[in-house]
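# Examination of the molecular architecture
Here's the letter readout for the chains.
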Amino acid sequence: MRAVTLLLWAILLVAGVALEILGRRRLGELVPLDRALQRLRSVAIGRAALVLAWMWLGWHLFAR
Amino acid sequence: MSLRIPSWPAVAVIGAAAADSVVAATGQPFTWRADITTALGLVGTIACGLVVLLRQRRRAAESPPAGAIALPTAGGAAWAAWAAAIVAFELLNFYTAPRSRHPTISSLLSILTGHEVLRAVLFAAWLGAGYWLWGSA
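Turning next to the environment of B:A84. One can find B:A84 in helix α3 (residues 73-94). Along the sequence, B:A84 and B:T37 sit 47 residues apart, while their C-alpha atoms lie 31 Å from each other.

A common way to express how large an interface is: the accessible area buried when the components associate. Facing 50 residues of chain B, the contacting portion of chain A comprises 37 residues. Summed over both sides, the interface of chain B with chain A buries roughly 4100 Å², with 73% coming from carbon and sulfur. Linking chain B with chain A are zero salt bridges. Counting every contact that joins chain B to chain A gives 12 residue pairs in polar contact (both at pLDDT 80 or more). The set of elements that each furnish at least two residues to the side of chain B that touches chain A consists of α2 (32-62), α3, α4 (105-113) and α5 (116-132) of chain B. For the side of chain B that touches chain A, the leading source of residues is α3(B), giving 11 residues.

Look at α2(B): 45 Å from first C-alpha to last across 31 residues, which is about the 45 Å you get at 1.5 Å a residue. Looking at α2(B), one finds that the buried residues are B:A34, B:D35, B:T37, B:T38, B:G41, B:L42, B:T45, B:I46, B:G49 and B:L53. Those residues of α2(B) that are buried are in contact with α3 (44-63) of chain A together with α1 (8-25) and α5 of chain B.

Our focus in this paragraph is the layout of surface pockets. Space left empty within the atom packing is revealed by a probe, the size of a water molecule, rolled over the atoms. Space inside the largest pocket adds up to approximately 1800 Å³. Around the largest pocket, the lining is made up of 47 residues, and of these A:L33, A:L57, B:W82, B:I86 and B:I105 lie nearest the centre. Taken together, the elements giving at least two residues each to the lining of the largest pocket come down to α1 (2-24), α2 (33-41) and α3 of chain A together with α3, α4 and α5 of chain B. Ranked by residue count, the leading element in the lining of the largest pocket is α3(B), at 10 residues. Looking at the lining of the largest pocket residue by residue, the class counts come to 38 nonpolar, five polar and four charged. Looking at the second largest pocket, its volume works out to about 810 Å³. Taken together, 26 residues make up the lining of the second largest pocket; nearest its centre are B:A10, B:V13, B:I14, B:C48 and B:Y131. Secondary structure elements with two or more residues in the lining of the second largest pocket: α1, α2 and α5 of chain B. For the lining of the second largest pocket, the class distribution of residues is 15 nonpolar, eight polar and three charged.

This next bit is on α1(B). Residue and element names in this part refer to chain B. With 18 residues, α1 extends 25 Å between its outermost C-alpha atoms, agreeing within 8% with the 26 Å of an ideal straight helix rising 1.5 Å per residue. Turning to α1, its buried residues number three or more, namely D20, S21, A24 and A25. For α1, the angular spread of buried residues about the axis comes to 130°, placing them on one side. Residues of α1 that are exposed and point over 90 degrees away from its buried face: W8 and V22. Those residues of α1 hidden inside the fold are in contact with α2 and α5.

Time to look at a nonpolar patch on the surface. On the surface, a cluster of nonpolar side chains totalling about 470 Å² of accessible area is made up of A:M1, A:V4, A:L7, A:L8 and A:I11. Structurally, A:V4 can be placed in helix α1.

Next up on the list: the nonpolar core. In this structure, A:W54, B:I46, B:F123, B:W126, B:L133 and B:W134 are the most contacted members of the largest nonpolar core, which totals 14 residues. Broken down by secondary-structure element, the contributors of at least two residues to this core are α3 of chain A together with α2 and α5 of chain B. When residues of this core are assigned to their parent elements, the largest contribution, five residues, is made by α3(A). If near-sequence neighbours (up to four positions away) are discounted, B:F123 is found in contact with A:F62, B:D20, B:S21, B:A24, B:T37 and B:T38. With six residues, the next largest nonpolar core counts A:L30, A:V31, B:A78 and B:W79 among its residues.

Basis of the calculations
- Residues numbered from 1 in each chain as written.
- Chains lettered and ligands numbered in written order.
- Predicted model: local features only at pLDDT ≥ 70, side-chain atom pairs only at ≥ 80, totals over all residues.
- Heavy atoms only, no water.
- Helix = DSSP H or I, 4+ residues; strand = E, 2+ residues; numbered from the N terminus.
- Contact = heavy atoms within 4.5 Å.
- Buried area = accessible area lost by both parts, 1.4 Å probe.
- Salt bridge = Lys/Arg side-chain N within 4 Å of Asp/Glu carboxyl O.
- Polar contact = N/O pair within 3.5 Å; in protein donor to acceptor, adjacent residues only side chain to side chain.
- Expected span 1.5 Å × (residues − 1).
- Buried < 20%, exposed > 50% of the residue type's maximum accessible area, 1.4 Å probe, protein only.
- 1 Å grid on protein atoms, 1.4 Å probe; cavity = no way out; pocket = protein on both sides within 12 Å on 5 of 7 lines; lining within 4 Å.
- Points joined across faces, edges and corners; volume = space filled by probe spheres on them.
- Nonpolar A, V, L, I, M, F, W, Y, C, P; charged D, E, K, R; others polar.
- Arc of directions from axis to C-beta.
- Patch = residues over 30% accessible without salt bridge, like charges linked within 9 Å, V, L, I, M, F, W, Y side chains within 5 Å.
- Areas by Shrake-Rupley, 256 points an atom, 1.4 Å probe, with all protein chains shown as cover.
- Core = buried A, V, L, I, M, F, W, Y, C linked by side-chain atoms within 4.5 Å.

If you want it as structure tokens, here you go:
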């Protein structure tokens, strides 16, 4: 079961990398991650959600 | 090409972030030290971000408004679908036992966070990402 879970994580990671590469090559309407996040940052609620996610991630990884 | 000399507040902030990363790297989670170093990074980054945001707002008020950022819908939807898949799989693993068979992102990252140098790099990257969130959109 661990192998299956790791394989699925790897597929998701590869999918993210592929999206980034295709976005940078401007394939179709795909965009790189920073540009997608830029749009989210441009609205107050989007920025607040990103900041909250960032806070949770740091606290979860480094403190608790 | 011209090199821009960073201002002293920028140097001070980068120095403080680097120092906090190094101190955080030598601590272990679930300790007061980890709580304090993470909280310092968190509060410091948000404070710096707010200063940057206020400066940008002031500058924007003085200059004519720029056009809105147009994001093709398919581009945003693809990333949203990817993020949703990550969150769904993370939750599935989180609520399924045992952790050794169903590792979550943090349990996989513990390989990195368990090593002091990698932990410092990851902490500094986290601070950098937090600061980037406050930049101009």
